[in-house]
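Examination of the molecular architecture
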Amino acid sequence: MRDVVRGMGCLVVLSMLAGTASLCARDTSQSWPDTPLSRTQALAELQTLNAQLLSHPSATLTLEQWCGAHHLAPVAKVVAQRVHGADKPLPDGARALLGIGPDEPVRYRRVALSCGGVVLSDADNWYVPSRLTPEMNRQLDSSDVPFGKVVQPLHFRRQTLSADLLWSPLPEGWDSGASLPPAGDKPLAIPDHVLQHRAVLYTGDNRPFSLVVESYTRQVLTHP
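What comes next is a walk through the structure.

So, how was this worked out
- Residues numbered from 1 in each chain as written.
- Predicted model: local features only at pLDDT ≥ 70, side-chain atom pairs only at ≥ 80, totals over all residues.
- Heavy atoms only, no water.
- Axes fitted to C-alpha atoms, helices over the stretch in contact; angles between N-to-C directions.
- Helix = DSSP H or I, 4+ residues; strand = E, 2+ residues; numbered from the N terminus.
- Parallel < 35°, antiparallel > 145°, perpendicular 65-115°, else oblique.
- Left-handed = near helix turned anticlockwise from the far one by under 90°.
- Contact = heavy atoms within 4.5 Å.
- Buried < 20%, exposed > 50% of the residue type's maximum accessible area, 1.4 Å probe, protein only.
- Arc of directions from axis to C-beta.
- Salt bridge = Lys/Arg side-chain N within 4 Å of Asp/Glu carboxyl O.
- Disulfide = S-S within 2.5 Å.
- Pairing = 2+ DSSP bridges.
- Polar contact = N/O pair within 3.5 Å; in protein donor to acceptor, adjacent residues only side chain to side chain.
- Phe/Tyr/Trp six-rings, centres within 6.5 Å; stacked < 30°, edge-to-face > 60°.
- Lys NZ or Arg CZ within 6 Å of the ring centre and 35° of its normal.

**A look at the packing of helix α2 (residues 36-54) against helix α3 (residues 59-69)**
One can describe the packing of α2 onto α3 by two numbers: an axis separation of 10 Å at closest approach and a directional angle of 140°. By the angle between their axes, α2 is oblique relative to α3. Where α2 crosses over α3, the two elements pack in a sense that is right-handed. Every residue of α3 that contacts α2 at E45, T48, L49, Q52 and L53 is listed here: A59, T62 and W66.

Below is the structure:
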């Protein structure tokens with residue numbers, strides 16, 4: 001009975017906070033039952049999101065469209081929250097990918113991209129400040145505006161280096177006759193991150209200026 005009352009209280013709070021992040025938000029992954037049908041649906045959603053990310057230059061705008069189409073939040077707006085104090089060294093081979101010498105300054109930025117207070121992606125970004133405008137560098141240094149929105153005036157394009165499913169709800173060979181896992185009596189166990197993209201961004205005049213590694217969380221999966 002206490003759980004029922006608590007649930008009714010959440011509904012009241014939700015109605016009072018329309019248009020804002022919900023104080024009663026839950027982990028959406030907990031709503032996925034462990035059945036062959038839901039496993040198939042989860043894989044279809046991951047493959048659909050993967051295809052959309054691969055076909056658009058801005059992951060931020062793609063996530064906003066995904067958030068709106070799947071009603072993940074009252075307002076489909078993706079915001080970036082800077083993660084400070086977690087600097088990562090430039091990956092091996094990154095200077096060659098960016099077309100820069102050993103002494104060219106490179107900055108690092110890590111953000112969590114969220115929609116309606118739910119984190120959809122963790123993004124690591126190494127970029128060449130000399131290839132951006134002073135105003136862009138100022139925004140990146142002093143604000144939480146997503147990188148893709150800041151550099152949008154560059155009319156950039158994206159070259160994907162890799163796009164990997166970090167988790168598959170179905171076993172290898174499922175599409176060629178392998179047996180599907182039997183249904184379980186607990187929610188489907190989904191890891192924190194389910195998809196990862198590595199990409200280089202190029203300016204309109206074809207100069208590389210950013211290396212990004214985007215790790216998408218299980219919250220991109222909608223309710224089954």
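**Considerations on helix α5 (residues 134-142)**
Every buried residue of α5 is listed here: M136, N137 and L140. Axial view of α5: buried residues confined to an arc of 95°, hence all on one face. What points out from α5, more than 90 degrees from its buried face, is the exposed set P134 and S142. Against the buried residues of α5 lie β1 (78-82), β2 (107-115), β3 (118-127) and α6 (147-150).

**Details of the environment of A94**
Summarising the element assignment, A94 is placed in helix α4 (residues 94-98). Exposure remark for A94: the relative accessible area of 0% places this residue in the buried category. Considered as a pair, A94 and L211 are 117 residues apart in the sequence and their alpha carbons are 7.4 Å apart.

**A word on α3**
Residues of α3 that are buried: A59, T60, T62, L63, E64, W66 and C67. At the C-terminal side of α3, H71 shows a positive phi close to 55°.

**Some details on the pattern of salt bridges**
Tallied over the full model, the rule gives eight salt bridges. Note that K149 is salt-bridged to E64, the shortest N-O span being 2.8 Å. One end of the pair, K149, is in helix α6; the other, E64, is in helix α3, and 85 residues separate them in sequence. In this structure, D124 and R110 form a salt bridge, with 2.7 Å as the shortest nitrogen-oxygen distance. Linking D124 in strand β3 with R110 in strand β2, this pair joins segments that are 14 residues apart in sequence. Neither D124 nor R110 differs from the other in exposure class; each is buried. Here the residues in one salt-bridge network are K88, R110 and D124, joined through shared partners.

**Here's the deal with the state of the cysteines**
Scanning all chains against the criterion turns up one disulfide. Across a sulfur-sulfur distance of 2.0 Å, C67 and C115 are joined as a disulfide pair. Judged by the sign of its S-S torsion, about -80°, the cystine formed by C67 and C115 is left-handed. Of this pair, C67 sits in helix α3 while C115 sits in strand β2, and the two are 48 residues apart along the sequence. Among the residues examined, C67 registers a relative accessible area of 0% and is labelled buried.

**Focus on the pairing of β1**
Covered by surrounding structure in β1 are V78, A80 and R82 only, the residues V79 and Q81 on the alternate face being uncovered. By the bridge criterion, five bridges tie β1 to β2 in an arrangement that is antiparallel. The partner of Q81 across the bridge, within β2, is A112.

**Details of the side chain of N125**
Examined against the element boundaries, N125 turns out to sit in strand β3. Assessed through its relative accessible area of 6%, N125 is described here as buried. Engagement of the side chain of N125 in a polar contact is seen with the side chain of S210, the distance being 2.7 Å. Not counting residues within four places of it along the chain, the set of residues in contact with N125 comprises R107, Y108, R109, F147, S210, L211 and V212.

**Let's talk about the packing of aromatic side chains**
Applying the stated criterion to the full structure yields four aromatic pairs. On the numbers, 6.3 Å between centres and 80° between planes, the contact of F156 with F209 is edge-to-face. In this pair, F156 is assigned in the loop between α6 and β4 (157-165) and F209 in strand β6 (residues 208-217), connecting sequence segments 53 residues apart. Through pairs of rings, three or more aromatic residues link up here, namely Y127, F147, F156 and F209. Of note, R157 hangs over the ring of Y202, and the distance from its end group to the ring centre comes to 4.2 Å.

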